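Observations on chain architecture
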Amino acid sequence: MGSGLLNAGNVVQIGNTTNGHRLCHLDSYIVRNGQTVTVGQVVGYMGYTGYTIPSGIGGTHLHWIMFKNGSRVNPLNYVSVPSGSTSVPSKMPAVGSVV
């Protein structure tokens, strides 16, 4: 948890880089280092901190890195996105859940 991780802004790490999640560019986080989190718990809020590509991503977003068996995997392979979703609230929570 913290800031400055490869210019990722405010970061929350859940688990480790073998099996875990890293949530980057958060506006703020509401958990403490070493705190246990549960599925569905809000751990922070999407933001625009750290380095982002001005002509690319830009704006409020969540950079979600997921690790499974020591490798990065696409988190979208593990979640369901409601059909017809076209936008997200500006303060959408980043929810911690270990898959």
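Residues numbered from 1 in each chain as written. Predicted model: local features only at pLDDT ≥ 70, side-chain atom pairs only at ≥ 80, totals over all residues. Heavy atoms only, no water.

1. So, the overall build of the protein chain
For clarity, the threshold we go by: Helix and strand assignments come from DSSP, with helices taken as H or I runs of at least 4 residues and strands as E runs of at least 2, each series counted from the N terminus. Residue contacts follow a heavy-atom distance rule, with two residues in contact if any of their heavy atoms lie within 4.5 Å. Every accessible area reported is derived by Shrake-Rupley at a probe size of 1.4 Å, with residue values counting cover from the shown protein chains alone.
Along its length, the protein chain carries zero helices and six strands. Helices and strands in the protein chain line up, N terminus first, as β-β-β-β-β-β. Long-range contacts, defined as pairs at least 24 residues apart, comprise 51% of the intrachain contacts of the protein chain with a sequence gap of at least 6. A total of about 6,200 Å² of accessible surface is found on the protein chain, and carbon and sulfur atoms cover 53% of it.

2. So, the pairing of strand E4 (residues 63-68)
Operational definition: In this analysis, strands are considered paired if DSSP registers two or more bridges between them.
Two elements, strand E2 (residues 20-29) and E4, share five bridges in a ladder whose sense is antiparallel. Across the sheet, His21 pairs through a bridge with Met66, a residue of E4. Note that E4 and strand E5 (residues 71-73) share three bridges and pair antiparallel. Looking across to E5, one finds that Lys68 is bridged to Ser71. Between E4 and E5, which pair antiparallel and follow one another directly, the connecting turn spans two residues, one of which, Asn69, has a positive phi of 55°.

3. Looking at the confidence of the model for the protein chain
The criterion, for reference: pLDDT is a per-residue confidence score from the predictor, ranging from 0 to 100.
Per-residue confidence for the protein chain gives a mean pLDDT of 78, with 70% of residues at or over 70. The weakest mean pLDDT in the protein chain belongs to strand E6 (residues 93-96) at 49; the strongest belongs to E5 at 93. Low confidence marks residues 95-99, where pLDDT is under 50. Its contacts with residues over four positions away, or in another chain, come to 18 contacts.

4. Focus: a nonpolar patch on the surface
Applied cut-off: Two distance rules govern patches: like charges are joined within 9 Å, and nonpolar side chains (Val, Leu, Ile, Met, Phe, Trp, Tyr) within 5 Å, applied only to residues with over 30% relative accessible area and no salt bridge. Each salt bridge in this description consists of a side-chain nitrogen of Lys or Arg and a carboxyl oxygen of Asp or Glu lying within 4 Å of one another.
Judged by side-chain polarity, Leu76, Tyr78 and Val79 come together as a nonpolar surface patch covering roughly 270 Å² of accessible area. One can find Tyr78 in the loop between E5 and E6.

5. A word on the environment of Ile30
Keep this limit in mind: The buried label applies to any residue whose accessible area, calculated with a 1.4 Å probe on protein chains only, is under 20% of its type's maximum; exposed applies above 50%, and partly exposed to all values in between.
If you trace the backbone, Ile30 turns up in the loop between E2 and strand E3 (41-46). Residue class for Ile30 comes out partly exposed when judged on its relative accessible area of 48%. It is 5.4 Å that separates the C-alpha atoms of Ile30 and Val43, two residues lying 13 residues apart in sequence. Setting aside chain neighbours within four positions, we find Ile30 in contact with Val42, Val43, Gly44 and Tyr45.

6. Let's talk about the nonpolar core
Nonpolar side chains in soluble globular proteins tend to end up buried together. Note the threshold: Definition used in this section: a nonpolar core is a set of buried Ala, Val, Leu, Ile, Met, Phe, Trp, Tyr and Cys residues joined via side-chain atoms within 4.5 Å.
Core analysis: the largest hydrophobic core is formed by six residues, namely Val12, Ile14, Leu23, Leu26, Val31 and Val43. If you list the elements that add at least two residues to this core, you get strand E1 (10-15) and E2.

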